[in-house]
Amino acid sequence: MPSTKPIQRSSVPKGIRVSIFRKTAPLRIEIAGIFFVAAMENQAKGSHSYERFIRKFSIFERLRRRVFAAQEKVSKMRQGRRKVWHESRRLENLETDLLHRLRDLELSFEPVVQSFASAYILLVASAEAFINEIADVELKGRSEEEFDKLSVIGKWLFLPRLLGFRKKFKLDRDPLQGFAEVVRRRNKLIHHKAQALPLEDFDPAQVLKDLGLTPQHVERGVNCVRSLVREFSLTWKGAYGPDWLYPNKNTFRRPCFFIGDRKASLVLASNKIDGARL
C-alpha cells in the first residue's frame, strides 16, 4: 500500500515560497547534474571492476611466465635431441590453460573500459551542458550564436572573459588544464585506433593506463569538472554550485529538475550549504 505520509515542510528551503503552478518559474531538466552523477557512479563501478581485473591479470601473468619457461625448456631439449613428449604435452596443457585465463581476463577487462570510458564521456557532456546553461542566461543574440560555435574547452576559457570575471580559467592550470585532459582522453576513446597486441608481451594494465582508464585518472577528471563548476559558480553568483556536486554532503540530492534558470538554482544551493566545509 503506498505511503500516505505527508511531505515535511522542512524539505523546502526556509524562506522560499514554492508554487507548483507558477508559470513564471518553469521546470528545467537538470541534464548537467544527471550526467555528472552518472559519471560518478561509473567511476565507482569502474574502480570496483579495476580491482577485480588486477587480480585476474596477476593470475594470468604468473601462468604466462610458466608457459614461457616451459617453451624454453622444450626448445633446449629439442636442440639436444632429447625426447620431449612429456614436456610437450605439459606445455600444451599450460598453453590451453593460458587461453582460458585470457578469456577470464577479457571478462574482467571489458567492464573497466565500459565504466571509465562512460565516465569520461559523461563528464564532458556535464561540463558542456552546465556552461551552455550559463550562456543561455547571460548571452543574447550574436554573442550566443558565436559562443555555440566554440569547443567545450573554448567555452570554459572565454565565457568568464566575456562576463568580465577577474578570476579566469587558464589552460596551463587546473581545473581547466585537467578538464582539457579529460576531453583529450574522451576523444582518444571515441576515435580509438586499433592496435595489434602480441600475446607474448600483452599488457592490458598498461593499455588501460595509456588510455587513462584507471581509478586515479578518472577521479582526477571528476574532481576537475567539480572544481570548474564550483569556481565558476563562486565567481558568478557567490554560490558553491549545484548540490549534485557534493555526494558526501547531507544537502545532496539526485538531480532531475530545477525551477527557473541556472542562476536561481545556484542561489538556492548557496543558501543550503554556505559555510559548509567542502
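All figures in this text were calculated on a predicted structure; none of them were measured in a lab.

Q: Whenever I open this one, the overall build of the chain confuses me. Can you help?
A: On a plain count of helices and strands, the chain comes out with eight helices and two strands. Scanning the chain from its N terminus toward the C terminus, one meets helices and strands in the order β-α-α-α-α-α-α-α-β-α. Within the chain, buried positions represent 39% of all 278 residues. Considering only contacts within the chain whose residues lie at least 6 apart along the sequence, 76% involve residues at least 24 apart.

Q: Teacher, can you tell me more about the layout of surface pockets here?
A: Which parts of space are left empty comes out when a probe the size of a water molecule is rolled across the atoms. If you add up the space inside the second largest pocket, you get close to 480 Å³. For the second largest pocket, the lining is made up of 19 residues, of which H192, Q195, L197, V207 and L211 are closest to its centre. Taken together, the elements giving at least two residues each to the lining of the second largest pocket come down to α2 (85-138), α5 (176-190) and α6 (204-210). Class assignment of the residues belonging to the lining of the second largest pocket gives a composition of 10 nonpolar, four polar and five charged.

Q: Would you mind going over the environment of A70 with me for this structure?
A: By the secondary structure assignment, A70 is in helix α1 (residues 31-79). Judged by its relative accessible area of 3%, A70 falls in the buried class. Sequence spacing of A70 and L94 is 24 residues, and the spatial spacing of their C-alpha atoms is 8.4 Å. If we ignore the near neighbours within four places in the chain, the residues touching A70 are R90, L91 and L94.

Q: Just checking my understanding: could you explain empty space enclosed by the protein for this structure?
A: Inspection of every chain in the model, using the stated rule, returns one cavity of 30 Å³ or more. What the largest cavity holds in volume is close to 40 Å³. In this structure, the largest cavity is lined by F165, K167, K168, F169, E231, F232 and T235.

Q: Can you help me understand the packing of aromatic side chains in this one?
A: The description of an aromatic ring pair rests on the distance of the ring centres and on the angle between the ring planes. Within this structure, the stated rule accounts for 11 aromatic pairs. On the basis of an interplanar angle of 20° and a centroid distance of 6.4 Å, the ring pair of F57 and F60 is categorised as stacked. Linking F57 with F60, this pair stays in helix α1, spanning three residues, or about one helical turn. Comparing F57 with F60 shows no difference in burial state: the two are buried. One aromatic cluster is present, built from ring pairs that chain together F36, F130, W156, F165, F169, F232, W236 and W244.

Q: What's the story with the confidence of the model for the chain in this structure? I'm lost.
A: Any region with low pLDDT has predicted coordinates that should not be read closely. In this model, the chain carries a mean pLDDT of 86, and residues with pLDDT of at least 70 account for 86%. Mean pLDDT across the elements of the chain bottoms out in helix α8 (residues 262-273) (56) and peaks in α5 (97). This stretch, residues 1-10, has a pLDDT under 50; its non-local contacts, to residues over four places away or in other chains, come to zero contacts. The low-confidence segment residues 267-278 (pLDDT under 50) makes 20 contacts with residues lying over four places distant or belonging to another chain.

Cut-offs applied
- Each chain carries its own residue numbering, running from 1 in the written order of its sequence.
- Confidence filtering applies because this is a predicted model: local features only for residues at pLDDT of at least 70, side-chain atom pairs given and counted only at 80 or more, and all residues used for totals across whole chains, interfaces and linings.
- Side-chain numbers here rest on the full set of heavy atoms in the structure, without hydrogens or water.
- By definition, any uninterrupted DSSP run of H or I lasting at least four residues is a helix, any uninterrupted run of E lasting at least two residues is a strand, and each is numbered from the N terminus.
- Only protein chains enter the accessibility calculation, which uses a 1.4 Å probe; a residue whose area is less than 20% of its type maximum is buried, one above 50% is exposed, and one in between is partly exposed.
- Contact criterion: two residues are considered in contact whenever any of their non-hydrogen atoms come within 4.5 Å of each other.
- Here the term cavity refers to a set of points on a 1 Å grid, laid over the protein atoms alone, in which a 1.4 Å probe fits but cannot get out; the term pocket refers to an open set having protein on both sides within 12 Å along at least five of seven lines, with lining residues being those that place an atom within 4 Å of a point.
- Grid points are joined across faces, edges and corners, and a volume is the space filled by probe spheres set on the points.
- In this classification, the charged set is Asp, Glu, Lys and Arg, the nonpolar set is Ala, Val, Leu, Ile, Met, Phe, Trp, Tyr, Cys and Pro, and all remaining amino acids, among them Gly, are polar.
- A pair of Phe, Tyr and Trp rings is counted when the ring centres sit within 6.5 Å of each other, with Trp represented by its six-membered ring. The angle between the planes then sorts it: under 30 degrees is stacked, over 60 is edge-to-face, the rest tilted.
- pLDDT expresses how confident the predictor is about each individual residue, on a scale running from 0 to 100.

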